[in-house]
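Below are the chains, spelled out letter by letter.
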Amino acid sequence: MSIHVIKPSSRKNNAAKALVSRDCGPTGCEVDWLTSIRVEAEDDITAFTDFSLEKGWGDGLPLVPPTESRVRTFLSGNDRYPDEIIARMPDSSECTVEKIVINAVMAGAPVESLELIIAAIEAIAEPDFELYGVNATTAPVFPAFVVNGPVRDALNIPYSYGCAGGVATKANAIGRAIRLIMRNVAGQVAGTTSQTTFGSPGRLASILMGEWEEKSPWAPLAERRAGVEGNAVTAFSTMGTMNVLDTTSTGADAFLEMIGKSVAYPGANCFSPSMEYSEMTIGINPICAAIIAKGLRSIEDVQEVIWKYASLPADFLQAYHREQVEAQGRIREDGRIYATPEPKDIVLFVCGGLGGLHALGLHSFGSSLSQTRPIARAVPAAIAAE
Amino acid sequence: MAQVKVLDPTASRQDDNASRGPDAGVIAGKRIGFRLDQIWRCWDWISEVWAAKLEAAGAQVSYWRSTNRSGLEGEEQAQSLDAWLQTIDIAILGLANCGSCTGWTVRDSVAAANSGIPTVAVATANFEEFAHVLAKRGGRSGLRVYVLPYPLNELSREEVHPVAEAYFEGLLSLMGASLTREEQAA
C-alpha cells in the first residue's frame, strides 16, 4: 500500500437548468414563478417559530414567516430566476433559488447576501465535498466558510476579533440561512438524517468568516487554492474549533511547531482508519502570520513545516488502530503517521484579532475536500432592466 | 392574529420504488458479492463466515471494498462499484454501523437494487431505522435491510463468530434465498 494522495475528481454537480420560458423576468411577469406549496400560518414571529418546529422546518430560534411578499422582495433585490436549480443535494433533492430565498427570509439574511449563499451551496454540493457523508455521520461536522474579496466588508463578514463566532453581525443570519438550507433541503437533521452523536453549535449558524487579506503576508486563500481573485467563498467541513494557545514562542518554526503538534491527536478524524486522508484547515492570527512570514519565504514553506509537526509516531496508537492505518499504507518510513497526505492539504488562512497568541484549528471530516467558488455580483432586476 | 400564506422551505425527491426487488432464489451456481468497508473488522469476519457457507452451497463469492468517496479516488470507486455490480447475481452490502457508513452502505445498496439484482443491506440494530430513512430518501424505500446486533465491532473475533453463525439463516430468509433446490421446493 502507498499513501493515498488527494487529487480532485472531474465530477461536477450537474444541476439541470430550468426549462421554463424566460419571456419575462423575475419581477415583471404575470406568471407565478414561485412553485412552493403555500401553507397557512400566523404572521407573527413567535407563533410562526412554534409552527415551524411542528412542521420540522425550524431550528428553535425565532424565524421570519416566508410570505410570498417577503420572498418576492428578496428576489427583486437580485437577478436570479426562482426556478433555477443551483445544485442537486444528497439524494437528488433540488436546491432551487426559490428554496434558498425562502430559507434566507426565514433566517433574516440580508437581500444582498443571496449570491454568497448560492456560491456556498454550489461549493458544498460538489461531489468532492462529500456532503452525503458529512450529513449522515455520527461526527459533529458541518460545512464552514471563508470569504475573500470586497464582499467581506459589504456584508460585514467578520475576519478580525471574534471572527469564528460571537460577533454582532448579519453574517450570523447568512450562516443560519445556509444551515436552514442544510436542514430543509440538503437533509442534515440530527436524529433523522444525521446520526451526529453530539452535534455542534456550528450546526445552528455555521462559521462564516472572512480572511483578513490586508493583514496576510500571503495571497488570499481563494486565489491560492483555486485561482479565484476577488469575491469568493471557500467551503470546508469542520468538526468545530480547536484553540491553540502559544504565549512562549519567538520565531516562525516555534509557532508552527506548536500549531502542528497541537492539531495532531489520535482521536482527530485525520488519524482515523475510516478514511485514508483528510485536509486540515488552520486559521493563523495576523500577528503570528507576520512573525512567520519573516522566517519563512512562502506559504508552501509554512505548510511544509506545519505538516512535518502535525504527525504522530505510529506506536503512539493502540494496536487495532495502528494495524488498520498500517494496512492503508499510512505509516511512513520514519514510523510516523501524518495528519494529511501532503503539505498542500494543510489549508491556511489569516484571520483573528490583533491580540494574537492563538491559532484556530478546524479539523476536517476525512474525505470531505474543501471547495472554492467565485461569488457572482448581484444586479437587482430593477437596475438590470434600465 | 393575522393569518398569512407562507412558502414551504423544504425540498426532497418525490419518486420512490417500494419494491424489495427480486428474491435471491437458489444459491447454487450464483455469483454473490459482498461489499466490505475499511472500518468494521467485525463485518470482515462475518462476511468470511457467510461466504464460506455460501461457497459450500455452490455459490461463487467476490468482494468489493469501499474506501474514500471523494476526489479522484472517489470517482474511481464509483466506477469500480458499477463494474463490480455487473459481475454478480446477488449483492450483500455492509456495514451500516455508523452514520456515514450507513449512508454509503445504503447508497451503494440502492445502486445495486436499482441494477435489478437481489440486494440486501446489512445494518446493526442502532442504525436500522436510519438505513430505512436513507433508503426512502434515496428513492428505494423497499430496500431489504438485514439487522445484526449492536454493539458488534467492540467484540472479539471469537465473540463475533457465533453471531455470524446465528444470523445466517435469517439472512437467507430475508433474501428469499435457499441453499439447494430441494430446500426451495420444501
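Going by an unreviewed UniProt entry, chain B carries the name UGSC-like domain-containing protein and comes from Novosphingobium aerophilum.

Q: How should I be thinking about the overall build of chain B in this particular structure?
A: Counting its regular elements, chain B contains 7 helices and 8 strands. In terms of principal-axis extent, the alpha carbons of chain B reach across some 70 × 40 × 35 Å. A total of 186 residues make up chain B; the buried ones form 56% of that total. Within chain B, contacts between residues at least 6 apart in sequence are counted, and of these 76% link residues at least 24 apart. Here chain B has roughly 7,600 Å² of accessible surface; of this, 50% comes from carbon and sulfur atoms. With 17 positive and 23 negative side-chain charges, chain B shows a separation of 6 Å between the mean positions of the two kinds.

Q: Just checking my understanding: could you explain the UniProt feature "domain: UGSC-like" (unreviewed entry) in chain B for this structure?
A: The positions UniProt marks with the feature "domain: UGSC-like" (unreviewed entry) are residues 5-174 of chain B. With 44% helix and 21% strand, the stretch residues 5-174 of chain B has end C-alpha atoms that lie 47 Å from each other.

Q: What is the right way to look at the interface of chain B and chain A in this model?
A: Quite often, the size of an interface is put as the accessible area lost when its parts meet. Taken together, the contact pairs 39 residues of chain B with 60 residues of chain A. Regarding the contact of chain B and chain A, the summed buried area is about 4,200 Å², with carbon and sulfur atoms giving 55% of it. For the pair chain B and chain A, the number of links is 1 salt bridge. Taking the shortest distance from any N to any O, the salt bridge between A:Asp91 and B:Arg137 comes out at 3.4 Å. At the boundary of chain B with chain A, the tally comes to 25 residue pairs in polar contact (both at pLDDT 80 or more). When residues of the side of chain B that touches chain A are traced back to their parent elements, those giving at least two are β1 (3-7), α1 (41-56), α2 (71-85), α3 (99-114) and α4 (128-137) of chain B. At 6 residues, α2(B) tops the list of elements feeding residues into the side of chain B that touches chain A. Across the side of chain B that touches chain A, the residue classes break down as 16 nonpolar, 14 polar and 9 charged. Examined bridge by bridge, strand β1 (residues 38-42) of chain A and β1(B) share 5 bridges and lie antiparallel to one another. The partner of A:Glu40 across the bridge, within β1(B), is B:Lys5.

Q: What is the right way to look at unusual backbone geometry in this model?
A: Of all residues except glycine, most have a negative phi; of all peptide bonds, most are trans. The omega angle of the peptide bond from B:Gly94 to B:Leu95 is 10°, so this bond is cis rather than trans. Mapped onto the elements of the fold, B:Leu95 is located in strand β5 (residues 90-96). Residues B:Tyr150 and B:Pro151 are joined by a peptide bond in cis, for which omega reads 0°. Topologically, B:Pro151 is positioned in the loop between β7 (144-148) and α5 (157-166). Phi is positive for A:Ser206, close to 60°, though the residue is something other than glycine. By relative accessible area, which is 11% here, A:Ser206 ends up buried.

Q: Quick question: what am I supposed to make of the side chain of A:Ser368 here?
A: All names here are of chain A. Counting through the fold element by element, Ser 368 comes out in the loop between β12 (358-363) and β13 (371-374). Reaching out from Ser 368, the side chain makes a polar contact with the backbone oxygen of Phe 129 at a distance of 2.6 Å. Discounting residues that sit within four places of it in the chain, Ser 368 has contacts with Asp 128, Phe 129, Glu 130, Val 134, Ser 237 and Glu 279.

Q: Would you take a moment to explain the sheet that holds β7(B) for this structure?
A: Where strands meet in a sheet, backbone hydrogen bonds hold them as pairs that are either parallel or antiparallel. Residue and element names in this part refer to chain B. An order of β4-β3-β5-β6-β7 is seen for the 5 strands of this open sheet, with the pairing classed as parallel. This sheet does not close on itself; its edge strands, each paired only once, are β4 (60-65) and β7. Mean inter-strand twist for the sheet, computed between neighbouring axes without regard to direction, equals 25°. Direction of pairing for strand β3 (residues 31-36) relative to β4: parallel, over a ladder of 6 bridges.

Q: Would you explain the side chain of A:Ser160 in this entry?
A: The residue A:Ser160 is located in the loop between α6 (151-154) and α7 (171-186) in this model. Excluding residues within four positions of it along the chain, A:Ser160 makes contact with A:Trp212, A:Gly352 and A:Gly353.

Q: What is the right way to read the state of the cysteines from this model?
A: Note on terminology: a disulfide is the covalent bond linking the sulfur atoms of two cysteines. Under the definition given, this model contains 1 disulfide over all chains. Paired by a disulfide, B:Cys98 and B:Cys101 hold their sulfur atoms 2.1 Å apart. Note on B:Cys98: relative accessible area 10%, which makes it buried. Sulfur of A:Cys351: no disulfide; nearest cysteine sulfur belongs to A:Cys163 and is 3.9 Å away. Sulfur of B:Cys42: no disulfide; nearest cysteine sulfur belongs to B:Cys101 and is 9.7 Å away.

Q: How should the environment of B:Ile88 be read in this particular structure?
A: Residues and elements named next belong to chain B. Here Ile 88 is to be found in the loop between α2 and β5. When its relative accessible area of 4% is taken as the criterion, Ile 88 is described as buried. Once the C-alpha coordinates of Ile 88 and Gln 60 are considered, the two residues, 28 residues apart in sequence, prove to be 9.0 Å apart. Leaving out residues up to four positions away in the same chain, Ile 88 has contacts with Arg 31, Ile 32, Gly 33, Ser 62 and Ile 117.

Q: Where do I start with the packing of aromatic side chains in this structure?
A: Aromatic ring pairs are defined here through the distance separating the ring centres and the angle between the ring planes. Under the criterion given, the structure shown has 13 aromatic pairs over all chains. An aromatic cluster of at least three residues, connected via ring pairs, comprises B:Phe34, B:Trp43, B:Trp50, B:Tyr63, B:Tyr146 and B:Tyr167. When the ring centre of A:Tyr159 is taken as origin, the NZ or CZ atom of A:Arg152, which lies over that ring, is 4.8 Å away. Over the ring of A:Tyr320 we find B:Arg41; its NZ or CZ atom is 3.6 Å from the centre of that ring.

Q: Would you explain helix α4 (residues 114-125) of chain A in this entry?
A: Given 3.6 residues to a turn, an α-helix orients residues that are three or four positions apart in the same direction. Residue and element names in this part refer to chain A. Between its first and last C-alpha atoms α4 spans 16 Å; for 12 residues at 1.5 Å apiece the expected length is 16 Å, and the two agree. By the criterion of burial, α4 is predominantly enclosed, with 12 of the 12 residues buried. Taken together, the buried positions of α4 are Leu 114, Glu 115, Leu 116, Ile 117, Ile 118, Ala 119, Ala 120, Ile 121, Glu 122, Ala 123, Ile 124 and Ala 125.

Q: Hey, could you run me through the sheet that holds strand β4 (residues 142-148) of chain A in this one?
A: Residues and elements named next belong to chain A. Strand order in this open sheet of 4 strands is β5-β4-β6-β13, and the pairing throughout is mixed. Either end of the sheet is taken by a strand with one partner, and the two such strands are β5 (208-210) and β13. On average, adjacent strands in this sheet sit at an angle of 25° to one another, irrespective of strand direction. Direction of pairing for strand β6 (residues 232-238) relative to β13: antiparallel, over a ladder of 4 bridges. Each residue of the ladder has a partner; that of Thr 234, found in β13, is Thr 372. Here α7 sits on the sheet in contact with β4 and β5, set at roughly 140° to β4.

What counts and how
- Sequence order as written defines residue numbering, which begins from 1 separately in each chain.
- Each chain is given a letter, starting from A, and each ligand a number, starting from 1, according to the order in which they appear as written.
- Local features are withheld for residues below a pLDDT of 70 in this predicted model, meaning they are given only at 70 or higher, and side-chain atom pairs are given and counted only at 80 or more; totals for whole chains, interfaces and linings count all residues.
- Water and hydrogen atoms were dropped before computing side-chain values, which therefore reflect all heavy atoms in the structure.
- The helix count covers DSSP runs of H or I at least four residues long, the strand count covers runs of E at least two residues long, and both are numbered beginning at the N terminus.
- Only protein chains enter the accessibility calculation, which uses a 1.4 Å probe. A residue is then buried if its area is under 20% of the maximum for its type, exposed if over 50%, and partly exposed in between.
- The contact rule is simple, with two residues in contact once any of their heavy atoms fall within 4.5 Å.
- Per-residue and other accessible areas follow the Shrake-Rupley method at a 1.4 Å probe size, with only the shown protein chains counted as cover for residues.
- Neither His nor the chain ends contribute to the count of charged residues, in which Lys and Arg are positive and Asp and Glu negative.
- Charge placement uses NZ in Lys and CZ in Arg. For Asp and Glu, CG and CD serve respectively.
- UniProt positions are given in the numbering used here, feature names are shortened, and annotations may be inferred rather than shown by experiment.
- Reported buried area values correspond to the accessible surface (1.4 Å probe) lost by two parts on association, with both partners' losses combined.
- The rule for a salt bridge is simple: a side-chain nitrogen of Lys or Arg has to be within 4 Å of a carboxyl oxygen of Asp or Glu.
- Any pair of nitrogen or oxygen atoms within 3.5 Å is treated as a polar contact; in protein, a donor-acceptor pairing is required on top of that, and neighbouring residues in sequence qualify only through side-chain atoms on both sides.
- Throughout this entry, Asp, Glu, Lys and Arg are counted as charged residues, while Ala, Val, Leu, Ile, Met, Phe, Trp, Tyr, Cys and Pro are counted as nonpolar. The remaining residues, Gly among them, count as polar.
- Strands qualify as paired when DSSP identifies two bridges or more between them.
- Here an axis means a line fitted to C-alpha atoms, over the contact stretch when the element is a helix, while the angle between two N-to-C directions is reported on a 0 to 180 degree scale.
- Here, the term disulfide refers to a pair of cysteine sulfur atoms separated by no more than 2.5 Å.
- Any Phe, Tyr or Trp ring, taking Trp's six-membered ring, that has another such ring centre within 6.5 Å forms a pair; planes under 30 degrees apart are called stacked, those over 60 apart edge-to-face, and the others tilted.
- In this scheme, the term charge over a ring applies when either NZ of a lysine or CZ of an arginine sits within 6 Å of the ring centre and within 35 degrees of the ring normal.
- Helices are assigned an expected span. That span is 1.5 Å times one less than the residue count.

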